[in-house]
Amino acid sequence: MRKTETEKAMRKEERYKGVLNWFKENVPVAETELHYDDPYQLLIAVILSAQCTDKRVNMITPALFEAFPTPEVMAASTPEVVFEYIRSVSYPNNKAKHLVGMAKMLIEDFKGVVPSDIDELQKLPGVGRKTANVIASVVYDKPAMAVDTHVFRVSNRIGLTNNSKTPLETEKELVKNIPEELIPIAHHWLILHGRYVCLARKPKCEECGLKPWCKHFLKQT
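Keep in mind that what you see is a predicted model, and the values were worked out from it rather than measured.

Definitions and limits used
Residues numbered from 1 in each chain as written. Predicted model: local features only at pLDDT ≥ 70, side-chain atom pairs only at ≥ 80, totals over all residues. Heavy atoms only, no water. Helix = DSSP H or I, 4+ residues; strand = E, 2+ residues; numbered from the N terminus. Rg over C-alpha atoms; globule rule 2.2 N^0.38 Å. Buried < 20%, exposed > 50% of the residue type's maximum accessible area, 1.4 Å probe, protein only. Contact = heavy atoms within 4.5 Å. Areas by Shrake-Rupley, 256 points an atom, 1.4 Å probe, with all protein chains shown as cover. Lys, Arg positive; Asp, Glu negative; His and termini not counted. Charge placed at Lys NZ, Arg CZ, Asp CG, Glu CD. Domains from an automatic or database assignment. Buried area = accessible area lost by both parts, 1.4 Å probe. Salt bridge = Lys/Arg side-chain N within 4 Å of Asp/Glu carboxyl O. Polar contact = N/O pair within 3.5 Å; in protein donor to acceptor, adjacent residues only side chain to side chain. Nonpolar A, V, L, I, M, F, W, Y, C, P; charged D, E, K, R; others polar. Phe/Tyr/Trp six-rings, centres within 6.5 Å; stacked < 30°, edge-to-face > 60°. Lys NZ or Arg CZ within 6 Å of the ring centre and 35° of its normal.

How would you sum up the overall build of the protein? Please name residues and give values.
Assigned secondary structure in the protein consists of 12 helices and zero strands. What you see in the protein, going N to C, is helices and strands ordered as α-α-α-α-α-α-α-α-α-α-α-α. In summary, the protein has a C-alpha radius of gyration of 19 Å against a globular reference of 17 Å for 221 residues, a match within 12%. The dimensions of the protein, computed from C-alpha atoms along their principal axes, are 60 × 30 × 30 Å. A buried classification covers 46% of the 221 residues belonging to the protein. If you take every contact in the protein between residues at least 6 apart in sequence, the share linking residues at least 24 apart comes to 59%. Accessible area of the protein: about 12,100 Å², with a carbon and sulfur share of 53%. Within the protein, one finds 31 positive and 28 negative side-chain charges whose respective centroids are separated by 9 Å.

If you had to explain the domain arrangement of the protein to someone new, which residues and values would you point to?
What the domain assignment lists for the protein is domain 1 (12-28 + 144-219) and domain 2 (39-140). Put simply, the middle of domain 1 and the middle of domain 2, counted by C-alpha atoms, are 28 Å apart. Facing the 11 residues of domain 1 at the interface are nine residues of domain 2. Around 690 Å² of area is buried between domain 1 and domain 2 when both sides are counted, 56% of it from carbon and sulfur atoms. When the buried area of domain 1 at its contact with domain 2 is split by residue, A144, A146 and E171 rank highest and sum to 50% of it. Linking domain 1 with domain 2 are two salt bridges, by the criterion used here. For E171, the salt bridge is made with R129, and the minimal N-O distance between the two is 2.7 Å. At the junction of domain 1 with domain 2, the criterion picks out four residue pairs in polar contact (both at pLDDT 80 or more). Counting residues per element, the side of domain 1 that touches domain 2 draws most heavily on helix 11 (residues 183-196), which supplies four residues. Along the lines of polarity and charge, the residues of the side of domain 1 that touches domain 2 split into six nonpolar, two polar and three charged.

Requested: an account of the packing of aromatic side chains, with residues and values cited.
Counted according to the given criterion, the structure contains three aromatic pairs. Relative to Y85, the ring of F68 has its centre 5.3 Å away and its plane inclined at 75°; by these criteria the two rings are edge-to-face. Here Y85 lies in helix 5 (residues 79-86) and F68 lies in the loop between helix 3 (54-67) and helix 4 (71-75), a separation of 17 residues in the sequence. Judged by relative accessible area, F68 falls into the buried class, the value being 4%. Here the aromatic residues W22, F23 and W189 are joined through ring pairs into a cluster of three or more. If you follow K211 out to its NZ or CZ, it ends over the ring of F217, 5.9 Å from the centre.

Pasting the structure below:
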């Protein structure tokens, strides 16, 4: 039994090492595809990106950022006004309420500054753990692993996680096994890989550089 567990641990260690080394060599630059100029704009964009594509969000944010350049301006507005700018994203009614509520709380509780602490971030309307981790990682370069649908799928499929059932399980396992200094970029590696190569319905296995370490591919072959 001990031998089997050791072998499993070794395989997992080798898998992480191989996957991370491949990304480091082949994708040295990986960052969010959301367009933004400051933490406040990124926070808005990430809230809007929930169950919506980055491409769609990037289409609407220029006008939104121009109309609401600061938290103060957003806080002084109403969800009905904000709705008109974001009506083409998913769940625009809820997101409009979240954006105005978020801006008000930023002003009242955080002096207009986007907090860096994950627990503090989650107090903001519209900000769940994933969004908080994105802000902490991208803005403040903290070792926070945001798990979206791509990260969740790719991690399980490759075998970086052991069939984790929830995003939090995935997050904990990834953070435990990825060197702290690589966590911020690893988040983007996994998202982009899931978005363009390891697709949900039909992964592009033949053109994937992670084949030697991928549990899914090795099972198929």
